[in-house]
Amino acid sequence: MTDAHAIDSLGWERRTFVPSDAFRSNALVSDHSLYEEASQDFTAFWAKQASELVSWSKDWHTASEWNLPFAKWFVGGELNVSYNCLDRHVLAGKGDKVAFHFEGEPGDTRTVTYAQLLDETQRFANVLKGLGVVKGDRVNIYMPMIPEAAIAMLACARIGAAHSVVFGGFSAISLTDRINDAEAKVLITADGGWRRGEIFPLKHTADEALLGTPTITDVVVVRRGGNEVTMQDGRDHWYHELMAQADPVCPAEPMDSEQLLFLLYTSGTTGRPKGIMHTSGGYLTQAAFTHKYVFDLHADTDVYWCTADVGWITGHTYIVYGPLANGATQVMYEGVPNFPGNDRMWQIVEKYGVTLFYTAPTAIRTFMKWGDHEPAKHDLSSLRLLGSVGEPINPEAWMWYHEHIGGSTCPIVDTWWQTETGAIMISPLPGVTTTKPGSATFGLPGIGTELVDESGEHVERGGGYLTLTQPWPAMLRGIWGDPDRYRETYWSRFSGRYFAGDGAKLDDDGYLWLLGRVDDVMNVSGHRISTTEVESALVSHPSVAEAAVVGALDATTGQAIIAYVTLRGGFEGDEQALRNHVAVEIGSIAKPKAIYFTPDLPKTRSGKIMRRLLRDVAEGRNLGDTSTLADASVVNELQRRAAEAPAED
Ligand code: WT7
């Protein structure tokens, strides 16, 4: 970041936005009582939320058990997560309430009520049982953004099978790896889904993945794209055919509070993605709590829309489990924000009268680029609250969101959390917290945050490392198959506490400002991609001898992936071929924005690649002292090439 930037953001920091009287008078929370209650006894606070927000078929005997770093919540309690998301609303007479207003990219729509969602979920749970899936099994899901994705997840929850959803943009190789790591029995996918006016052929990619997945016995295929697919006899089944024959009743079986609900793979600093484990009672409690209070959900009147994909944690917690547990009505949209026009999102907001809107800074910056006139074409006056997630939101984007989407009246909740935390941890409460553009403000009630320095000492003001000081109900329970890596990754850097991997600073008023990752993890459009993973993908190409990957600041995507590559003798550098190779190895989201070919990489005398230096080069900063470099001329060459590179796509 340049100095001018820093001064800019200091200027912004002085702006404050107090919750309006109009918002406060109708808000679920408008004073500090929740914070006070939680600070007395956070375990008792969460226990109260668990009894208020979740229906249990058997009470727990111990609210929380903490054997650092392993936590259990609501021990001895039993519940069924799908019962909480479906049956209890139907039993309460809300069967006709809309769960999803589904909007397909081509413009087709479908209204799914809670009663219909329950019906399909029960049938599909029976389908899974019929395929031999039993409690404790893993089921992989590789789907477009259609209601069947949620149905598949809920059906797994109903019978105690853990789902592992893989984002539809990941490659066949990535899908194979995740299926094999989880040892999944069944894969649920679709023929294809719509994206920017075209079909992306999911089943085709899945077929490729399935060549290397010995544990998969059956594949269920939802017809969505209508594209041609090959169905393998005995293994592949059409969803609609199985559903037509399925028993409509599948009672919700009580599960232990600590029953594994799902695995979700995410990138870390080393090559292999980690299967983050989330369980049932604690996760559902915090998902429901945060969805209700951070978004000030009035379930009877609000229309909520989270634009994430179910393949990410945001989709799990804030499309499926949180909103459905709270009986919310939501919009689910299949496609991209610029099809058929750049105003698609605003057209949908107007069409369904969306009141609560949750999206990512990278999307907001894209909307800014498309121009103020796009949202201005539509009546957005139904909106009453806006949310942001995935990366730090820069003050300019915050202000634009506030003015052009929120009509200068909607509070904005900037929500910090991670795949590992399972639910929102740091965020304003919209009827309580005075916000500052760019600050996620404070830890939520029941959450312990602390900034520490390099040596773990408390930081009162200024920059430091963000840590979490106490267990929370939705916390990850481990990394699938690798308890040592769990301890090592999250609990070893600072003793007794969880290290998130993020830097942050505290201003004079005690507000938290997230500064991004401090490790070798990039944040591209709100998605975590590890530098090592992209490097391994590049090095697996026959032309590449060595590769170094850095995340460079990017005006739209937050960070952009920049690769420096040295070639093997006799090979020519082919940037496009390498970008495609990464897309095949990992998925399109991991394609480097630029690849620079260089005769050597800058290394320290001990042979470590100087990534920080490469990042400076990629971001066009002065290089300062490079005397530790084995070969300083390499850096000059790298810098020259970076300066010549085209500025933006
Ligand atoms: C990383 C977690 C949580 C769902 C989406 C991403 C960054 C997330 C914010 C925010 C600043 C944020 C952090 C975090 N991040 N939200 N509001 N302000 N940074 O989940 O893929 O697990 O990534 O996203 O760096 O560690 P994820």
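Residues numbered from 1 in each chain as written. Predicted model: local features only at pLDDT ≥ 70, side-chain atom pairs only at ≥ 80, totals over all residues. Heavy atoms only, no water.

Describing the site of the ligand
Phase 1: Surrounding the ligand, one finds 18 residues, the nearest of these being Asp414, Thr415, Thr419, Asp502 and Arg517.
Phase 2: The separation between a nitrogen atom of the ligand and a polar side-chain atom of aspartate 414 is 2.7 Å.
Phase 3: Backbone polar atom of threonine 415 to a nitrogen atom of the ligand: 2.7 Å apart, as the coordinates give it.
Phase 4: In the complex, 97% of the free accessible area of the ligand, which totals 550 Å², lies under the protein chains.
Phase 5: For the shell around the ligand, the secondary structure elements donating two or more residues are α12 (313-325), β20 (412-415) and β25 (512-517).
Phase 6: In the shell around the ligand, the residues fall into six nonpolar, seven polar and five charged. (Near = heavy atom within 4 Å. Polar contact = N/O pair within 3.5 Å; in protein donor to acceptor, adjacent residues only side chain to side chain. Areas by Shrake-Rupley, 256 points an atom, 1.4 Å probe, with all protein chains shown as cover. Helix = DSSP H or I, 4+ residues; strand = E, 2+ residues; numbered from the N terminus. Nonpolar A, V, L, I, M, F, W, Y, C, P; charged D, E, K, R; others polar.)

Some thoughts on the nonpolar core
Phase 1: If you look at the biggest cluster of nonpolar residues, it comprises 157 residues, and the most contacted ones within it are Phe124, Ile188, Phe295, Tyr321, Val534 and Leu538.
Phase 2: No other element matches the 10 residues that helix α7 (residues 147-159) contributes to this core.
Phase 3: No fewer than three residues from each of domain 1 (1-16 + 448-519) and domain 2 (525-644) sit in this core.
Phase 4: Core analysis: the next-biggest nonpolar cluster, separate from the first, contains 27 residues, Trp305, Met345, Ile393 and Met399 among them. (Core = buried A, V, L, I, M, F, W, Y, C linked by side-chain atoms within 4.5 Å. Buried < 20%, exposed > 50% of the residue type's maximum accessible area, 1.4 Å probe, protein only. Domains from an automatic or database assignment.)

Digging into the pairing of strand β2 (residues 70-75)
Phase 1: Here strand β1 (residues 62-67) pairs with β2 via five bridges, running antiparallel. If you follow asparagine 67 over to β2, its bridge partner there is phenylalanine 70.
Phase 2: Hairpin geometry of β1 and β2 is characterised by an intervening segment of two residues between the two adjacent antiparallel strands. (Pairing = 2+ DSSP bridges.)

Regarding the environment of tryptophan 398
Phase 1: Tracing the chain through its elements places tryptophan 398 in helix α16 (residues 395-405).
Phase 2: Owing to a relative accessible area of 2%, tryptophan 398 belongs among the buried residues under this scheme.
Phase 3: Once the C-alpha coordinates of tryptophan 398 and glycine 282 are considered, the two residues, 116 residues apart in sequence, prove to be 32 Å apart.
Phase 4: Discounting residues that sit within four places of it in the chain, tryptophan 398 has contacts with Phe17, Ile393, Ile412, Thr435, Lys436, Pro437 and Gly438. (Contact = heavy atoms within 4.5 Å.)

What to know about the sheet that holds strand β17 (residues 329-333)
Phase 1: The seven strands are arranged β5-β4-β17-β16-β18-β19-β20 in an open sheet whose pairing can be described as mixed. Pairing within the sheet leaves two strands with one partner each, and these edge strands are β5 (109-113) and β20. In this sheet, adjacent strand axes meet at a mean angle of 20° when their direction is disregarded.
Phase 2: Where strand β19 (residues 385-389) lies against β20, four bridges are found, and the strand directions are parallel. Pairing of serine 388 across the sheet is with aspartate 414, part of β20.
Phase 3: With respect to the sheet, α7 is in contact with β4 (98-103), β5 and β17, its orientation differing from that of β5 by roughly 30°. (Axes fitted to C-alpha atoms, helices over the stretch in contact; angles between N-to-C directions.)

Observations regarding the packing of aromatic side chains
Phase 1: This model, assessed by the stated rule, comprises 38 aromatic pairs.
Phase 2: Geometrically, the ring pair formed by tryptophan 346 and phenylalanine 367 is edge-to-face, given 4.9 Å between the ring centres and 75° between the ring planes. With tryptophan 346 in helix α13 (residues 344-352) and phenylalanine 367 in helix α14 (residues 361-370), the pair connects residues that are 21 residues apart, well separated along the chain.
Phase 3: Taken together, the aromatic side chains of Trp66, Phe70, Trp472, Tyr486, Tyr490, Trp491 and Tyr498 make up a single cluster linked through ring pairs. (Phe/Tyr/Trp six-rings, centres within 6.5 Å; stacked < 30°, edge-to-face > 60°.)

Some details on helix α17 (residues 483-491)
For an α-helix, 3.6 residues make a turn, and residues three or four places apart therefore share a direction.
Phase 1: The set of residues buried in α17 consists of Arg485, Tyr486, Tyr490 and Trp491.
Phase 2: Each element contacted by the buried residues of α17 is listed here: β1, β2, β15 (274-279), β23 (478-479) and β24 (498-506).

Considerations on the pattern of salt bridges
Close approach of charged atoms allows side chains with opposite charge to pair.
Phase 1: Taken as a whole and assessed by the stated rule, the structure comprises 33 salt bridges.
Phase 2: The salt bridge involving arginine 110 is made with glutamate 148; its shortest N-O contact spans 3.0 Å. Placement of arginine 110 in strand β5 and of glutamate 148 in helix α7 is noted, with a sequence separation of 38 residues between them.
Phase 3: Arginine 110 sits in the partly exposed class, given a relative accessible area of 28%.
Phase 4: Here arginine 272 ties to aspartate 181 by a salt bridge, and the two come within 2.8 Å at their closest N and O atoms. Of this pair, arginine 272 sits in the loop between β14 (260-266) and β15 while aspartate 181 sits in helix α8 (residues 172-182), placing them 91 residues apart in sequence.
Phase 5: Sharing partners across several salt bridges, the network here consists of Lys203, Asp207, Arg235 and Asp236. (Salt bridge = Lys/Arg side-chain N within 4 Å of Asp/Glu carboxyl O.)

Some points on the packing of α8 against helix α9 (residues 202-210)
Phase 1: It is at 8 Å that the axes of α8 and α9 come closest, and there the two elements cross at 55°. The angle between α8 and α9 falls in the class oblique. Helix-helix and strand crossings are classified by hand; for α8 and α9 the assignment is right-handed. Residue-level contacts link Ala172, Leu175 and Thr176 of α8 to Thr205, Ala206, Glu208 and Ala209 of α9.
Phase 2: Grouping the constituent residues of the contact of α8 with α9 by class yields four nonpolar, two polar and one charged. (Parallel < 35°, antiparallel > 145°, perpendicular 65-115°, else oblique. Left-handed = near helix turned anticlockwise from the far one by under 90°.)

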